[in-house]
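Tertiary structure, described
In case you want the letters, here they are:
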Amino acid sequence: MLKNTFCHIPGVSLSRERRLWDAGIRCWDALRQARLPRGLAESLAGHIRDSFDSLENGSPSYFAERLRTNQHWRLFPDFRDSIAYLDIETTGLGYGAYITTIAVYDGKSIYHYVKNVNLSDFAKDIERYSLVVTYNGKCFDLPFIENQFGIKMRQAHIDLRYVLKSLGYRGGLKGCEKSFGIDRDQLAGVDGYFAVLLWNDFVRNKNPQALETLLAYNIQDVVNLETLLVLAYNLKLKETPFHDALRLSLPPSPRLPFQADPETINRIRMENRWQSGGFARWH
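This text gives an overview of the structure that appears in the document.

The rules behind the values
Residues numbered from 1 in each chain as written. Predicted model: local features only at pLDDT ≥ 70, side-chain atom pairs only at ≥ 80, totals over all residues. Heavy atoms only, no water. Helix = DSSP H or I, 4+ residues; strand = E, 2+ residues; numbered from the N terminus. Contact = heavy atoms within 4.5 Å. Areas by Shrake-Rupley, 256 points an atom, 1.4 Å probe, with all protein chains shown as cover. Lys, Arg positive; Asp, Glu negative; His and termini not counted. Charge placed at Lys NZ, Arg CZ, Asp CG, Glu CD. Salt bridge = Lys/Arg side-chain N within 4 Å of Asp/Glu carboxyl O. Buried < 20%, exposed > 50% of the residue type's maximum accessible area, 1.4 Å probe, protein only. Pairing = 2+ DSSP bridges. Axes fitted to C-alpha atoms, helices over the stretch in contact; angles between N-to-C directions. Core = buried A, V, L, I, M, F, W, Y, C linked by side-chain atoms within 4.5 Å. Polar contact = N/O pair within 3.5 Å; in protein donor to acceptor, adjacent residues only side chain to side chain. Phe/Tyr/Trp six-rings, centres within 6.5 Å; stacked < 30°, edge-to-face > 60°. Lys NZ or Arg CZ within 6 Å of the ring centre and 35° of its normal.

Time to look at the overall build of the chain. In terms of regular secondary structure, the chain is built from twelve helices and five strands. If one aligns the C-alpha atoms of the chain with their principal axes, the spans along those axes are about 70 × 35 × 30 Å. Long-range pairs, those at least 24 residues apart, make up 66% of the contacts in the chain between residues at least 6 apart in sequence. As displayed, the chain offers around 14000 Å² of accessible surface, 47% of which is attributable to carbon and sulfur atoms. Where the 36 positive side-chain charges of the chain centre and where its 32 negative ones centre are 6 Å apart.

Right under this line is the structure:
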């Protein structure tokens, strides 16, 4: 889809891009060869040349900086081999809150990071990727990471919250999953507030099952991000002439390294019934 994209070029709006497609100019090569006024042709030629170079050099940031946030879906799948699906869990939102676990999935392998175990490895490991995918990471995950680790997340970023919102899907990550019929089985009903309770149970009671359930929840988030991105990508393609040619198949489900412990979930739920409202989930 990226080679069919023109709206990253200055002066080319979505409506003008549509007019180009309707006129039969549907890719960068076609635009470069089109008969246009000399000044316009020279200007466009420079942007098309830069686009080809950035794609060949594996630089999604060039496009991410020039596309609207809700158009970042176009980066996928051209940079699929360098994507990190990313999600963090924390102790909350207030002063003194910190990251407890981080899950990363690159479409092949799953990585997890735990406070006081290997959390510090994340800052170096994430440098392997040129593109990250989150849900609400623009407002939450990435600023939290940058603040805690003292780093700058320089990767291009697809925030699915904005892509899905442009398609009419709201209600947080879990709400979007339900809209697409994605079932979390034993993790149904576990949310960000419950993730805090799981961490607290692990710290206070040294309960390994609480940590395993937390990691199962965290990893389920990132695995589902890939499925949601493919679904969103296909839906966005329906707004273009390229749906039949570029439509993607759903990805296979990877083998998950951790399983939720129903006994731990039920016990914590019973102990915290009076707080069942929790606090608002931020992603």
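Another point: the pattern of salt bridges. Counted according to the given criterion, the structure contains twelve salt bridges. For D29, the salt bridge is made with R32, and the minimal N-O distance between the two is 2.7 Å. Highlighted residues: D29 and R32, both in helix 2 (residues 28–33), separated by three residues, approximately one helical turn. Of the residues examined, R32 reaches a relative accessible area of 46% and is grouped as partly exposed. One salt bridge in this structure joins R80 and E226, with 3.3 Å as the shortest N-O distance. Placement of the pair is R80 in the loop between helix 4 (60–64) and strand 1 (83–90) and E226 in helix 10 (residues 208–237), with a sequence separation of 146 residues. Within this structure, K174, E177, R184 and D221 form a network of salt bridges that share partners.

Moving on, we get to the environment of L20. When you line up the elements, L20 lands in helix 1 (residues 14–22). Looking at L20, the relative accessible area reads 16%, which means it is buried. Once the C-alpha coordinates of L20 and F6 are considered, the two residues, 14 residues apart in sequence, prove to be 8.7 Å apart. Setting aside residues no more than four positions away along its own chain, L20 makes contact with F6, V12, I25 and L31.

Bringing the sheet that holds strand 4 (residues 131–134) into the picture now. Strand pairing in a sheet takes place through backbone hydrogen bonds and is either antiparallel or parallel in direction. The mixed open sheet is built from five strands, whose spatial order is 3-2-1-4-5. Edge positions in the sheet fall to strand 3 (110–114) and strand 5 (156–159), since each has one partner strand and no second. Within the sheet, the average angular offset between the axes of one strand and its neighbour, ignoring direction, is 25 degrees. Across five bridges, strand 2 (residues 99–105) lies against strand 3 in antiparallel orientation. The residue of strand 3 that forms the bridge with T101 is V114. The strands that helix 6 (residues 141–149) touches are strand 1, strand 2, strand 4 and strand 5; relative to strand 1, the one it contacts most, it runs at about 75 degrees.

This paragraph deals with the nonpolar core. F63, L75, F76, Y85 and L160 are the most contacted members of the largest nonpolar core, which has 69 residues in total. With 16 residues, the top contributor of residues to this core is helix 10. Membership of the second largest hydrophobic core comes to 18 residues, among which are L86, A97, Y113 and F140.

The subject of this paragraph is the side chain of T134. Here T134 shows up in strand 4. A polar contact is formed between the side chain of T134 and the side chain of H157, at a distance of 2.7 Å. Not counting residues up to four positions away in its chain, the partners in contact with T134 are L86, L142, H157, I158, D159, L160, R161 and L225.

Under the defined criterion, the tally for this structure stands at 13 aromatic pairs. With a centroid separation of 5.7 Å and an interplanar angle of 90 degrees, the aromatic rings of F76 and Y233 are classed as edge-to-face. Taken together, the positions of F76 in the loop between helix 4 and strand 1 and Y233 in helix 10 put the pair 157 residues apart, joining distant regions of the chain. In this pair, the class of F76 matches that of Y233, namely buried. Each ring, one from W199 and one from F202, has its centre 5.4 Å from the other, and the planes form 50 degrees; the classification is tilted. Of this pair, W199 and F202 both sit in helix 9 (residues 192–205), three residues apart, roughly one helical turn. Since its relative accessible area comes to 3%, W199 is described here as buried. Put simply, the rings of W28, F52, Y62, F63 and F79 touch in pairs and so form one group of aromatic residues. The ring of Y98 carries K115 above its face, with NZ or CZ at 4.7 Å from the centroid. Sitting over the face of the ring of Y111, R128 holds its NZ or CZ atom 5.1 Å from the ring centroid.

Attention now moves to unusual backbone geometry. Omega for the peptide link from F76 to P77 comes to 15 degrees, which places this bond in the cis form. Inspection of the secondary structure assignment puts P77 in the loop between helix 4 and strand 1. The phi dihedral of D185 falls on the positive side, at around 55 degrees, and the residue is not glycine. According to the relative accessible area criterion, D185 is exposed, its value standing at 56%. The backbone phi angle of K206 is positive, close to 55 degrees, even though this residue is not glycine. Mapped onto the secondary structure, K206 falls in the loop between helix 9 and helix 10. With a relative accessible area of 63%, K206 lands in the exposed category.

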